Amino acid sequence: MTDAPAYKVVLSGLDGLSPRDLYAMLKLRVDVFVVEQKCPYPELDGKDIDALHLRLLSGKELVASARIRKPAKNDPATRIGRVVVSPDHRGKKLGDRLMVEAIAQCERLYPESPIKLSAQSQLLRFYGSFGFVPVSEEYLEDGIPHVDMQRPAAITTE
């Protein structure tokens, strides 16, 4: 048996989030990406509206979240973004759990689509451990070095 705490995994569209759930998710993202990383960026980018929001909850507390965007007409890849773990819950392998869940949902919903993400350069090894490989040169996004990464589709049609 494991002593690892149990976390509830919740996947929902924006309309499935209560106002308090939405507030908690946006607050966590702003606390980490804007305040902690000192990176002012447009958090309300219009992409949350059509995205799925994956959340890990400990009781009612949001401990981690990620955004999943479906393939688009001009890009057949599914996208994982806004991957964030609460500072109060780091060191518990929640980033691993969150990525395993996000990949599983992408593969369940869009099995024929590769999965892309924009990784902060310092996290290349982390994302690489989940099968993502760099597909771009390093670039600056909101003042932070990033690299585009991709994981192959779960099902390939040839």
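Only a predicted model underlies this, so the values are computations on that prediction, with no experimental measurement involved.

This part takes up the confidence of the model for the protein chain. Detailed reading of the predicted model is not advised wherever pLDDT is low. Here the protein chain shows a mean pLDDT of 92. Residues at 70 or above account for 96%. Averaged over each element, pLDDT in the protein chain is lowest for strand β7 (residues 139-141) (92) and highest for strand β6 (residues 133-134) (97).

A word on the pairing of strand β5 (residues 115-120). Bridging between strand β4 (residues 78-85) and β5 involves 2 bridges; their strand directions are parallel. The residue bridging R79 from the neighbouring strand is K116, located in β5. Crossover connection from β4 via helix α2 (residues 94-109) to parallel β5: handedness right-handed. Bridge count for β5 against strand β8 (residues 144-151) is 6 bridges, and the pairing is antiparallel. The residue bridging S118 from the neighbouring strand is D148, located in β8.

It is worth spelling out the pattern of salt bridges at this point. By the definition in use, this model includes 13 salt bridges. A salt bridge links D21 to R55, with the shortest nitrogen-to-oxygen separation between them at 3.7 Å. Of this pair, D21 sits in helix α1 (residues 19-36) while R55 sits in strand β2 (residues 52-58), and the two are 34 residues apart along the sequence. Among the salt bridges present, the one from D45 reaches R82, with a minimum N-O distance of 3.1 Å. Separated by 37 residues along the polypeptide, D45 in the loop between α1 and β2 and R82 in strand β4 bring together distant segments of the chain. Each of R29, E43, D45, D48, R67 and R82 takes part in one network of salt bridges that share partners.

This part covers the pairing of β4. Most of β4 is tucked away, with 6 of its 8 residues classed as buried. As defined by bridge partners, strand β3 (residues 61-69) adjoins β4 across 5 bridges and the pair is classed as antiparallel. Along β4, the bridge assignment pairs R67 with G81.

Another aspect to go through is the nonpolar core. I80, M99, Y127 and F132 are the most contacted members of the largest nonpolar core, which has 24 residues in total. Of all the elements, α2 adds the most residues to this core, at 6 residues. Apart from the residues within four sequence positions on either side, M99 is in contact with I80, V83, L117, F126, Y127, F130 and F132. L17, M25, Y41 and L57 belong to the second largest nonpolar core, which has 12 residues in total.

Another aspect to go through is α2. Look at α2: 22 Å from first C-alpha to last across 16 residues, which is about the 22 Å you get at 1.5 Å a residue. Residues of α2 that are buried include every one of L94, G95, L98, M99, E101, A102, I103, Q105 and C106, and no others.

The rules behind each value
- Residues numbered from 1 in each chain as written.
- Predicted model: local features only at pLDDT ≥ 70, side-chain atom pairs only at ≥ 80, totals over all residues.
- Heavy atoms only, no water.
- pLDDT = per-residue confidence, 0-100.
- Helix = DSSP H or I, 4+ residues; strand = E, 2+ residues; numbered from the N terminus.
- Pairing = 2+ DSSP bridges.
- Right-handed = clockwise from strand over helix to strand, strands pointing away.
- Salt bridge = Lys/Arg side-chain N within 4 Å of Asp/Glu carboxyl O.
- Buried < 20%, exposed > 50% of the residue type's maximum accessible area, 1.4 Å probe, protein only.
- Core = buried A, V, L, I, M, F, W, Y, C linked by side-chain atoms within 4.5 Å.
- Contact = heavy atoms within 4.5 Å.
- Expected span 1.5 Å × (residues − 1).

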